[in-house]
Each structure stands twice: as structure tokens, then as C-alpha cells.
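Each chain is listed here by its residues.
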Amino acid sequence: MKVDRIEESSGSVRLLARKGSNSSGGSSESSRWVDGSEVVDWDEVPPWSRLHDGDGREGYGTTIRRRLVKKPKRVDSFDVEAMEIGGAHGHHTKDMTLWPTLLLAFKTLGVVYGDMGTSPLYVFSDVFSKVPIESDVDVLGALSLVMYTIALVPLAKYVFIVLKANDNGEGGTFALYSLICRYANVNMLPNRQQADEHISSFKLKLPTPELERALKIKETLERRATLKNILLVLVLLGTSMIIGDGILTPAISVMSAISGLQGQVKGFGTGALVGVSIAVLVALFSIQRFGTSKVGFMFAPVLALWFFSLGSIGLYNIFNYDVTVLRAINPAYVYYFFNKNGKGAWSALGGCVLCITGAEAMFADLGHFSVPAIQIAFTSVVFPCLLLAYMGQAAYLMKNPHSYSRIFYDSVPESLFWPVFVVATLAAMIASQAMISATFSCVKQSMALGCFPRLKIIHTSRKFMGQIYIPVMNWFLMIMCIIVVSIFQSTTDIANAYGIAEVGVMMVSTALVTLVMLLIWQTNLFLALCFPLLFGSVELIYMSAVLSKLFEGGWLPLAFATFFLSVMYTWNYGSVLKYRSEVREKVSSDLMLDLGSNLGTLRVPGIGLLYNELVQGIPSIFLQFLLSLPALHSTIVFVCIKYVPIPVVPQEERFLFRRVCPKDYHMFRCVARYGYKDVRKEDHHAFEQLLIESLEKFLRREAQEAALELEGALTEETDNVSVKSMDTEHHPDTDELRIPLMQGQNLEGEGTTSTSKEPASLALPLALPSSYMSSSAEDPGLEYELSALREAMESGCTYLLGHGDVRAKKNSFFFKKLVINYFYGFLRKNCRGGTANMKVPHTNIIQVGMTYMV
């Protein structure tokens, strides 16, 4: 097969190939790469998509196709290499048989549902602190609210809809954002490359031509910077709320579990409750550095026992106190509840929403499990056990309405109090542990996508890459938990704060999933709008209820969210300005050519790894090294550590290489790509070895492709000359137009006229290709480069790092100077430096300073 031409499309490369001549007019464009994923046979495209209007103008299908496939500028060597690799490795989904899925569903109990499972400890006590129990309508109405809230939000929204909006099996706010970033170029950092789209896990579904709406949304998002900023702020707001949950979940869960001692142990008052809760929290956060792998196997059995206790005690209370609570299945009691209590019922919604705390964890923790496993666990265990628990508590309240403040422990049979108390405390700690781990993962993803200052990350498990520990965040969460417990001293006020954080995350997820429906799933417009109208309306009602308690604790999550949102947006804003400044000030190729292969200095054996953020071009910091160092290494590699919007990049697709200058310069660019879930824990020796091996492969492939291109060009020239020489015999008057180059060579070599013989014309081209049939290992130029690379490797690698200071220009606005010079400057000075992240000996590091004016 002979490649006819190579064209780029919007975010992809098309290879238009011919399979020889076809007299019947067969399709010469048999397959094309479209959108980086699918090979589309245009013969199978519906006829209407290729129609033209009657007046000869382009029809609807042609317009859509042209917008899907745009003309290129050029083909990047990165793209060619990525296509070769990406096609060889498909993405493996989490398809499993029945028994492994059931085992995984059992494990989800210990990680995903701890928070939601501990909600019966405090829901009814908070609801009836706002609405007094005066009749059965109050109890049945509150129970009906709780039941339908659980059925509507966790079951209908998350289990059946949101879980499907995963990013190659990963869930959460940043997973949704990365999924959107792959379909539309809305990332604020302009470092996207076509090669990224050929990573095996990057592949996307081709937009269907009949839905122009998705293309309009994509173009609108990419064109308007305001919409990009709104989307980013929305994602950062949701992430900030999750971090706030990491503070509030341990506080309310532990306090609710320990509060059971107040009615059981004499003299155990509020002070003792606060003291014991703080002690448990300190112990909980102190063991984080050891990781959860050693005790994680206990999580699922403990939570399974907890759910079994909830369901069993609930059944006991239903039949022992009042079986008529089953009437709450009738949603009319919700109306009766609001009709009787009015504003009080609306205020009680703030307590009712606590029954779905942790619903977002089903989506956020999806990466550790699978969609079927989470669905099975919720529908078969969690949902029925929670319903029975709330029904049992309601049945107890029908006979004992004054016990609402300690409803959970009072409804437990006396003989089972201490076993249930122990299991409840363990369940509360596990729920807190799961939320703390989720906070660590969320911060790590934010760092990977350039939205959080660099912090020290410790991997606590060699087997599970998702188990990490961030010391700074751990101690910050612990201190804030202690402050929250010390100030509020009751679960009621903490619950007011807790509701705002939970509902805020849910509203962000609703907005992002709606965008996924319109842009990626291309759902019917009516159905896509029904999703935010139904679930968004319910969440807005709950948000209005919890905001009514703004001065009774509700201000706390808003303060946390504002703080973290400011930190994350400032870091992202400064990083984007710094990157744009580097792009603007990069070194021109003309200057490099003027310097010559020695770069105006001495070249000594060794490999210099110059770290920078540019994916193309030579960074301006390189000139600082030329001016500051007396000599430079014989081989220079510009290394760019780049995070792409996918969970994991396969190791064999990690590096992309490209030659920066002519061969005698021995300068290369390497883009090391990582996903936001990837773990960078290889030491510098392993990284260097992998990089050099990849560079050698690149050099060999480059030599092979150059030989094949030259051979193909000479062969094609031979074919052309053969045909043209035959035509010359029939049309001698057109000799000078047909083969001017060959005629010129013959005139110089033989001194003959233009009517040269065909064998003489073909002798040189036929002899040359045979010299290129040898293997690449025998290529002297390649062998010289490989030997030079090995010699440089023996001398060792030196890490060239730029210590950049970012300052706002003098003519910038005051607010920009304040944010960049002070806030962003403070974050850069106090975040983890590049040398600490790489764990490279200081003797192998050379740093120079540079100021970027943004």
C-alpha cells in the first residue's frame, strides 16, 4: 500500500491511502483516522450525510463532515509515533464475571458507603430539632421525605445515570472535567498536542453527524474564554467542597458515634464528649501515615456487620413498636408534613438532606471498583438496610416522641447497646478514613491538572497505587476537625454546615453531567434538560433550606470553599500566565543556527536534562544556561513533564521524542506524559534508564523512516522516468518538459542531446535504492549517534533546572499585581520544589534563576 498523502484533522491525523490503481473507480480513501479513535468507512456513511442541495450548494451532511475534519498545517513527528503506539494497545475495561463482581461489590461496602451508612446516627435527631413531634403526620412525613430523597438522589441519579459518565472507569469532579477537556479544548493551559489523542485510553467516540448541537457546544466552549473560566471555577468549587467534606465528615461521624455514651455513662456530659471525640480524631489522623493497606481488609466486614445491624434492628423496631409506619411509602405524607408545619418543614429539609451524605462517594470512588459492583452493593444491601433503619427509628418515635435527640441508641435493644456502640464507632472511623483518603486523592488530581500547589505525596502501598498520604493536608484536616468539634460541641450545628458542602458537590456534578449529556452522549435535548430540571430543582430546594442556617454553622463550609477556591484558582491563573510567558519568549530557531553546533561554548561528554513546561520550541531559560555555564553537555534533552486529561498513561506510551535542531547539535525534546491518576514514584536512575532507552528507539526509528522515505522517493522517481521515457519516443517535441532533470544529467555526463536512451536514464536511480536495503544497525550515521549517546550516558546525567520568579508587569492592574506578586509568589515559595519532587542528588543538579514578566 502506498501512502498518497497525510492530512491532519481537528485533533487527529488522517492517512489517505491507495491500494494501487483501480480501473473501476474503487474507493481510494478506504479508511481515515477521525477524532483520534475510529476508522470510519465512508462507504457506510448514510447517504443523506453526503447530499448536496438542489442548487449545488453544500448540504447539511457535507457541512457537518467539514466541521469534523479540518485541513491541517503540518504533520508532527510526535503524531506519527503516537499513532504507531496507540493502535497497538487497546483500553481494557473492567468487565468481570459474576463472582468477582459480587466480591468487588462486597468490598465497596467498606470504602464507598461508610459515610452514607452512618447517617442514621444523626438524621432524625437533626430533623426533629427543627420540627417538634406533635402527631403521626410529623413522623410519617419526615420518614417519607427521607425515603424518597434516598430513592431519588443516590438511586435514580447516581446509580443509574451519573455512574455512566465515567472517564475510562474513573469518577469524580475532575474525571468529568478531564472527559470534557478531551472532547473540547477547554483546558486553560495551552499545551495540548495531537499526539495526546492517540494514547490508547484517550480514544473517543466519533460524534454522530446528525447532531449538530454537540459541535456547536464544542465550538462555543473553545471560542469563549469566559465559558472556560466558568467551567474551571465550577470544577474547583466542587473540589473545594469535597475538601470541606474531609473536615466535616470525621467531626460529625465521630461525635455522633461517641454521643451514645451520654445516656449510658453517668456524668458523661458535653465536655467529656468533646474530649473523647478529639482524642479519637487525633488517633485517626495520626495513623494515616501508615496507610490503610494493613487494616483495609477489615473495612468491608465491619461495614457489612454495620448494615446488617441497621437492617435487623430496624425490622425489630417495626414489628415491636408500630408496623403502620409502612404508610410513609405514600408520598402524600410529604404534602401533609409541609401543610402542617410550613416554614418549619422547609427548615427540616436541612436535616433530611443528611440521609444522602456520601452519595457523591459512589462516583468519586469508582476508579477502585466498577459500575456493576457499586450498583449491586447499593440496590441489594445499602438501600434496603437504610430504609429498614429509618423505618425502625420512625416506629420507635411513634411510641416515644421525646427520644428524638438520641433516637439511634435509644431504639437499640438494651442488651445490644455495647456491641452496637463498638460497631458504630468503628463504622464512623471507617467512614472518616474513606473521606480523608478521598480528599488526598482529590488534592493529588488537582495538582496533576495544575490546579493546586505542589505538596509532598507519600505512597503508602506498593500494591495499590491509589493509596497515598499527604502530610500537610493530613495535619491541616486534623487541626480543622479539632477546631470544629471544639467550637460547635454538638452534631446539630455541624450538620448545618455539613449539608451545604454535600449539596454543593451534588449541584456541581449535576451541571457537569448535563454538559456531558449534551456534548458527549448527545442525548435527546428534552431528556438532557429533564436531568437538571428534576435533580437540579431538588438540590436547589435542599440548598435553600441549608442556607437558611447560614449563621448557625452554615458559614463554615462556605469559608472553607472560598479559601481553597482562592488558592486553587490563584495557582492555576499564575501557572497559565507563566506558561504563556515561556511560549512568548522561547528561543528562535534562527538564533540556534547562528550559534552553530557547539552553541557558542564547549560541549563536554554527558547528558543534560533541561526541565521546562514547553511542549514545543526551546525555552528561554536555555540561554541563561549558555550564559552562566562555561561548558555544556554533548547531548541536551528538553524534558517536559506533562499531565494529560486521562486517568493513566501506559508505560510504553509515556515518552515522545523529537529532534530540536540539526543532527550535529545532538538536541532533543522529550515529553513525558502522565495521567492524573498516575503515580510518579520511580527514582531518577529508573527514569534516566527509561528515557535513554526510549531515545535509542527513537533514533533507530528515525533512521529507518529516513531510509524508507529516500528509497520510496527514488523508486517513485524511477517509475516516473520509465513512463516519461516511453512517452518521449512518441512525443519527441516535449522532451525538455518531460524529463528536464534527467536530461541535464545526461548532458553533463555524456554530452549527448536530449534524446537519451532509456537504459542510461534508469541506471543511476536503479542502483541507489539497493544501498538502503541494509539494516538500520549498519547505518554509520545511526551508529555514530548511538555510540555518542552511550558515551554521554557513561558520563552521567545532569539536571538543569530553572528557578523562575513570576512578576506582574509594571503597567498591570493593581489586582493582578496583588495576586501574582504576593499571593501566587507566596504559594510558589512555600510549595514543594522540583528538586524535592524528583529525588535527585544535589550534586547532579544545576539551577539558574530567571524572572518571568506576565
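For every chain, the first residue of the written sequence is number 1, and numbering continues from 1 along that sequence. The model is predicted, so local features are restricted to residues of pLDDT at least 70 and side-chain atom pairs to those at 80 or more, both for listing and for counting; the totals for chains, interfaces and linings are taken over all residues. Side-chain measures were taken over the full set of non-hydrogen atoms in the model, leaving aside hydrogen atoms and water.

### Describing the sheet that holds strand 12 (residues 845-853)
Point 1. For two strands to be treated as a pair, DSSP must find no fewer than two bridges joining them. A run of DSSP states H or I qualifies as a helix once it reaches four residues; a run of E qualifies as a strand once it reaches two. Both are numbered from the N-terminal end. The sheet built from six strands is open, its strands ordered 9-10-8-7-11-12 with mixed pairing. Strands with a single pairing partner mark the edges of an open sheet, and in this sheet they are strand 9 (655-659) and strand 12. On average, each strand axis in the sheet is inclined to that of its neighbour by 25 degrees, with strand direction left out of account.
Point 2. By the bridge criterion, four bridges tie strand 7 (residues 602-612) to strand 11 (residues 797-807) in an arrangement that is parallel. Looking at strand 11, one finds that Ile607 is bridged to Cys797.
Point 3. Helix 21 (residues 555-584) rests against strand 11 and strand 12 of the sheet, and its axis sits at about 95 degrees to strand 12.
Point 4. Relative to strand 12, helix 23 (residues 621-628) is tilted by about 125 degrees, and along the sheet it contacts strand 7, strand 8 (631-643), strand 10 (667-674), strand 11 and strand 12. Only the stretch in contact is used when a helix axis is fitted, and all axes are lines through C-alpha atoms; the angle between N-to-C directions ranges over 0 to 180 degrees. The contact rule is simple, with two residues in contact once any of their heavy atoms fall within 4.5 Å.

### Notes on the packing of helix 9 (residues 225-258) against helix 18 (residues 471-488)
Point 1. Viewed as axis vectors pointing N to C, helix 9 and helix 18 meet at an angle of 50 degrees, and their least axial separation amounts to 9 Å. Taken as axis vectors, helix 9 and helix 18 run oblique relative to one another. In this structure, helix 9 meets helix 18 at a crossing whose hand is right-handed. Residues Ile243, Gly246, Ile247, Leu248, Pro250, Ala251 and Met255 of helix 9 pack against Met473, Phe476, Leu477, Met480, Cys481, Val484 and Val485 of helix 18. Any angle that falls under 35 degrees is termed roughly parallel, while one over 145 is termed roughly antiparallel, one within 65 to 115 roughly perpendicular, and all others oblique. Take the far helix as your reference; a near helix turned counterclockwise from it by less than a right angle gives a left-handed crossing, and one turned clockwise gives a right-handed crossing.

### Description of the packing of helix 7 (residues 173-183) against helix 9
Point 1. Put simply, helix 7 and helix 9 touch, their axes get as near as 9 Å, and they point 160 degrees apart. By the angle between their axes, helix 7 is roughly antiparallel relative to helix 9. Remark: the crossing between helix 7 and helix 9 carries left-handed chirality. Each of Thr173, Phe174, Tyr177 and Ile180 in helix 7 lies in contact with helix 9, whose residues at this interface are Leu231, Leu232, Val235, Leu236, Thr239 and Ile242.
Point 2. Under the scheme applied, nonpolar residues are Ala, Val, Leu, Ile, Met, Phe, Trp, Tyr, Cys and Pro; charged residues are Asp, Glu, Lys and Arg; polar residues are all the others, including Gly. The residue inventory of the contact of helix 7 with helix 9, partitioned by class, reads eight nonpolar, two polar and no charged.

### Points about the confidence of the model for the protein
Point 1. Overall, the predicted model of the protein reaches an average pLDDT of 76, with 76% of residues at or above 70.
Point 2. Values of pLDDT, ranging from 0 to 100, describe the predictor's confidence in every residue of the model. Of all secondary-structure elements in the protein, the lowest mean pLDDT belongs to strand 3 (residues 32-34), at 28, while helix 6 (residues 136-159) reaches the highest, 94.
Point 3. Low pLDDT, under 50, characterises residues 1-94; the predicted model gives this stretch 184 contacts beyond four residues in sequence or across chains.
Point 4. With pLDDT under 50 throughout, residues 722-777 is counted as low confidence; its partners more than four residues away or in other chains account for 42 contacts.

### Quick notes on helix 8 (residues 212-223)
Point 1. Expected helix span is computed as 1.5 Å times (number of residues minus one). With 12 residues, helix 8 ought to run about 16 Å at 1.5 Å a step, and its terminal C-alpha atoms sit 16 Å apart, in line with that.
Point 2. Each residue's exposure class comes from its accessible area (1.4 Å probe, protein chains only) as a fraction of the maximum for that residue type: buried when under 20%, exposed when over 50%, partly exposed otherwise. Looking only at helix 8, the buried set comprises Ala214, Leu215, Ile217 and Leu221. For helix 8, the angular spread of the buried residues around the axis is 160 degrees, confining them to a single face. For this quantity, the arc is that covered by the directions from the helix axis to the C-beta atoms.

### A few points about the pairing of strand 7
Point 1. Where burial is concerned, most of strand 7 is hidden: eight out of the 11 residues are buried.
Point 2. Relative to strand 8, strand 7 runs parallel, the two sharing nine bridges. Bridge assignment links Gly608 to a residue of strand 8, and that residue is Ile636.

### A closer look at the pairing of strand 10
Point 1. Among the eight residues of strand 10, eight are classified as buried, and the element is accordingly described as predominantly covered.
Point 2. Burial of strand 10 is two-sided: the residues Met667, Arg669, Val671 and Arg673 facing one way and the residues Phe668, Cys670, Ala672 and Tyr674 facing the other way are all buried.
Point 3. Relative to strand 10, strand 9 runs antiparallel, the two sharing five bridges. Considered in strand 10, the bridge of Leu656 is made with Val671.

### As for the environment of Phe638
Point 1. Structurally, Phe638 can be placed in strand 8.
Point 2. Expressed as a C-alpha distance, the spacing of Phe638 and Gln616, which sit 22 residues apart in the sequence, is 9.6 Å.
Point 3. Those residues in contact with Phe638 that sit more than four places away from it in its chain are Leu610, Asn612, Ile618, Pro619, Phe622, Val660, Met667, Phe668, Arg669 and Cys670.

### What about the packing of aromatic side chains?
Point 1. Within 6.5 Å between ring centres, the rings of Phe, Tyr and Trp (the latter by its six-membered ring) count as paired, and their orientation is classed by plane angle as stacked under 30 degrees, edge-to-face over 60, tilted in between. Throughout the structure, instances matching the rule amount to 29 aromatic pairs.
Point 2. Taken together, a centroid distance of 6.2 Å and an interplanar angle of 50 degrees make the contact between Tyr409 and Phe421 tilted. Of this pair, Tyr409 sits in helix 16 (residues 407-410) while Phe421 sits in helix 17 (residues 417-448), and the two are 12 residues apart along the sequence. Considered together, Tyr409 and Phe421 belong to a single accessibility category, that of buried residues.
Point 3. Judged by centre distance (5.2 Å) and plane angle (55 degrees), the rings of Phe531 and Phe535 are tilted. Highlighted residues: Phe531 and Phe535, both in helix 20 (residues 525-547), separated by four residues, approximately one helical turn. Each of the two residues, Phe531 as well as Phe535, counts as buried.

### Re the environment of Asn317
Point 1. Within the element layout of this structure, Asn317 appears in helix 11 (residues 299-320).
Point 2. Accessibility expressed as a relative area gives 1% for Asn317, which makes it buried.
Point 3. In this structure, the C-alpha to C-alpha distance between Asn317 and Gln393, residues 76 residues apart in sequence, is 7.1 Å.
Point 4. Look past the residues within four positions of Asn317 in its chain and what remains in contact with it is Asp322, Gly392, Ala395 and Ser411.
Point 5. In protein, a polar contact means a hydrogen-donor-capable atom and an acceptor-capable atom, both N or O and within 3.5 Å, with residues adjacent in sequence counting only if both atoms are side-chain atoms; elsewhere, any N or O pair within 3.5 Å suffices. Among the polar contacts made by the side chain of Asn317, one reaches the main-chain carbonyl oxygen of Ser411 at a distance of 3.2 Å.

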